[in-house]
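# Structural description and commentary
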Amino acid sequence: MEIEPKKRGSPPDLPRLIQDVLAELGYDADAASVAEQVRRLDIGLSVEDEFLVVCAWREKCQLLHKLDQHQVPIASKQKFQVPDLLAKFSTQTSKSPMLIEVKSKNEPRLSFRPDYLERLQNYADLVGMPLLIAWKFHSVWMLFEVRHMKKAAKNFNITLNTAMQENLLGALAGDVAYKIGAGAGMHLRLRKNKLLGIEKSDEGYSEQWAMTIDDVSFTDREGACRTDLDGDVQSLFTTWDLEDKEEHTDSHVHMHFVAGDEGMQFAHTALVRLLNWESPHDNRPHWRGLLRKEQVTANVASFSAALDTAFRQKVVSHVFYFQPHVMPDFLQPQCGL
């Protein structure tokens, strides 16, 4: 039986979105224009909200908030562009917070017009703060210094390859990558209670049974049966693409979900999988609502602690810590310290 995904309701801050759009378009704007602008604004804010949640979840963020971009006088917009966010991380060796402009683009190159980039940099210079760019490419986030964008024929560009090489999400915000070891997995034993029917197809026959689960077990990366895995460690299996296999006997169906040799997962992409597991019938995580929660995920209190425990319990085989090719000044040790 298929269950229809639950439709998303109106944004919780819909009145403010409408007010912002009316101020931009004019109070005599037609309803269709207002509705389209609200939709686009909501999508844009959702990307910012997602990045806020991703950074706050990794426990290295001391402060991160949006910047009000309604600036006066109007003529200032010709010289200054207020970035999306202000951030301060515990990993910084500098005292100053930093500015972050958030973008989402699924093409392997991010491009800024020179005048747009100049206005962002003018604001950063005015307040004396570093300027970073957060780029979401499909499900993967990158965070890099704006200086890595290079002038091409017309615009300033950065390729996906360079953005990944200079990614600060690990060194600054605590993101990591990990691998669940081959052989680690979850195993279910389902007892056949009653045959409900038999269907014939071109490939043969299929049986429909009423069943109950009478055993759940786990294996580690060495293939040993484990009954002592922490709940947080068990939840990590929901973040991985497990290979599935079924075995049938007269009385039972044995289902195996086991990690293979390939694959690597970023912590921030695992967050989305955890949220989808905990609320599987939603279209996408409600990032704005998650910002109001003390604990983002219901099943994993600390992802770092879960990875450490999973490594000790021989479920995770590797944890990768990434450094950028060029270490920025605000992550360099200060003289005399």
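Residues numbered from 1 in each chain as written. Predicted model: local features only at pLDDT ≥ 70, side-chain atom pairs only at ≥ 80, totals over all residues. Heavy atoms only, no water.

## Quick word on the overall build of the protein chain
- The helix and strand inventory of the protein chain stands at 9 helices and 16 strands.
- The 337 residues of the protein chain split such that 42% are buried.
- Residue pairs in contact within the protein chain that sit at least 24 positions apart in sequence constitute 67% of those at least 6 positions apart. (Helix = DSSP H or I, 4+ residues; strand = E, 2+ residues; numbered from the N terminus. Buried < 20%, exposed > 50% of the residue type's maximum accessible area, 1.4 Å probe, protein only. Contact = heavy atoms within 4.5 Å.)

## Remarks on unusual backbone geometry
- The peptide bond linking Val-72 to Pro-73 adopts the cis configuration, its omega dihedral lying at -5°.
- With respect to the helices and strands, the residue Pro-73 is situated in the loop between strand 1 (61-66) and strand 2 (85-89).
- In this structure, Glu-59 takes a positive phi of about 70° despite not being glycine.
- Structurally, Glu-59 is set in the loop between helix 2 (31-57) and strand 1.
- Positive phi, normally seen in glycine, also occurs at His-138, with a value near 55°.
- In this fold, His-138 is placed in the loop between strand 5 (131-137) and strand 6 (140-145).
- Under the relative-accessibility criterion, His-138 is labelled partly exposed at 47%.

## Examining the pattern of salt bridges
- For the coordinates displayed, the defined rule picks out 16 salt bridges.
- Across the salt bridge formed by Asp-115 and Arg-119, the nearest N and O atoms sit 3.4 Å from each other. Here Asp-115 pairs with Arg-119, and both are found in helix 3 (residues 114-127), just 4 residues apart, close to one helical turn.
- Note on Asp-115: relative accessible area 34%, which makes it partly exposed.
- On the basis of relative accessibility, which here comes to 14%, the residue Arg-119 falls in the buried class.
- Put simply, Glu-145 and Arg-147 hold a salt bridge, and the shortest N to O gap is 2.8 Å. (Salt bridge = Lys/Arg side-chain N within 4 Å of Asp/Glu carboxyl O.)

## Quick notes on the nonpolar core
- Core analysis: the largest hydrophobic core is formed by 51 residues, its most contacted members being Phe-51, Ile-100, Leu-143, Leu-172, Ile-180 and Phe-303.
- When residues of this core are assigned to their parent elements, the largest contribution, 7 residues, is made by helix 2.
- Within the second largest apolar cluster, 23 residues are counted, among which are Phe-112, Leu-120, Met-129 and Phe-144. (Core = buried A, V, L, I, M, F, W, Y, C linked by side-chain atoms within 4.5 Å.)

## Focus: the sheet that holds strand 8 (residues 156-159)
- With respect to topology, 3 strands assemble into an open sheet ordered 4-8-7, the strand pairing being antiparallel. On the outer flanks of this sheet lie strand 4 (109-112) and strand 7 (150-151), each paired with one strand and no other.
- Where strand 7 lies against strand 8, 2 bridges are found, and the strand directions are antiparallel. Residue pairing for strand 8: Lys-151 is matched across the bridge by Phe-156.
- Where helix 3 meets the sheet, it contacts strand 4, strand 7 and strand 8, and its direction lies at approximately 75° from that of strand 4. (Pairing = 2+ DSSP bridges. Axes fitted to C-alpha atoms, helices over the stretch in contact; angles between N-to-C directions.)

## Regarding the pairing of strand 2
- Most of strand 2 is tucked away: 5 of the 5 residues are buried.
- In strand 2, alternate side chains face the same way, and those of Leu-85, Ala-87 and Phe-89 on one face and Leu-86 and Lys-88 on the other are all buried.
- Inspection of the sheet shows strand 1 paired to strand 2 by 5 bridges, in the antiparallel sense. Paired with Cys-61 across the strands is Phe-89, a residue of strand 2.

## Comments concerning the environment of Phe-137
- The topology assignment puts Phe-137 in strand 5.
- A residue is classified by how much of its surface remains accessible, and Phe-137, at 17% relative accessible area, is buried.
- Those residues in contact with Phe-137 that sit more than four places away from it in its chain are Lys-105, Asn-106, Glu-107, Pro-108, Met-142 and Leu-160.

## Focus: a negative patch on the surface
- A contiguous patch of negative charge, built from Glu-243, Asp-244, Glu-246, Asp-261 and Glu-262, is present on the exposed surface.
- Checked against the element boundaries, Glu-243 lands in strand 13 (residues 243-248). (Patch = residues over 30% accessible without salt bridge, like charges linked within 9 Å, V, L, I, M, F, W, Y side chains within 5 Å. Areas by Shrake-Rupley, 256 points an atom, 1.4 Å probe, with all protein chains shown as cover. Lys, Arg positive; Asp, Glu negative; His and termini not counted. Charge placed at Lys NZ, Arg CZ, Asp CG, Glu CD.)

## Overview of the sheet that holds strand 13
- With respect to topology, 5 strands assemble into an open sheet ordered 12-11-10-14-13, the strand pairing being antiparallel. Two strands close off the open sheet at either side, each with one partner strand: strand 12 (225-226) and strand 13.
- Two strands pair when backbone bridges link them, and strand 10 (residues 185-201) and strand 14 (residues 252-258) are joined in this way by 7 bridges, in the antiparallel orientation. Paired with Arg-191 across the bridge in strand 14 is His-252.

## Some points on helix 9 (residues 303-312)
- Within helix 9, the full set of buried residues consists of Phe-303, Ala-306, Leu-307, Thr-309 and Ala-310. The buried residues of helix 9 all sit within an arc of 165° when viewed along its axis, so they share a single face.
- Backbone geometry just after helix 9 places Lys-314 at a positive phi near 65°. (Arc of directions from axis to C-beta.)

All we've got here are geometric facts, nothing functional implied.
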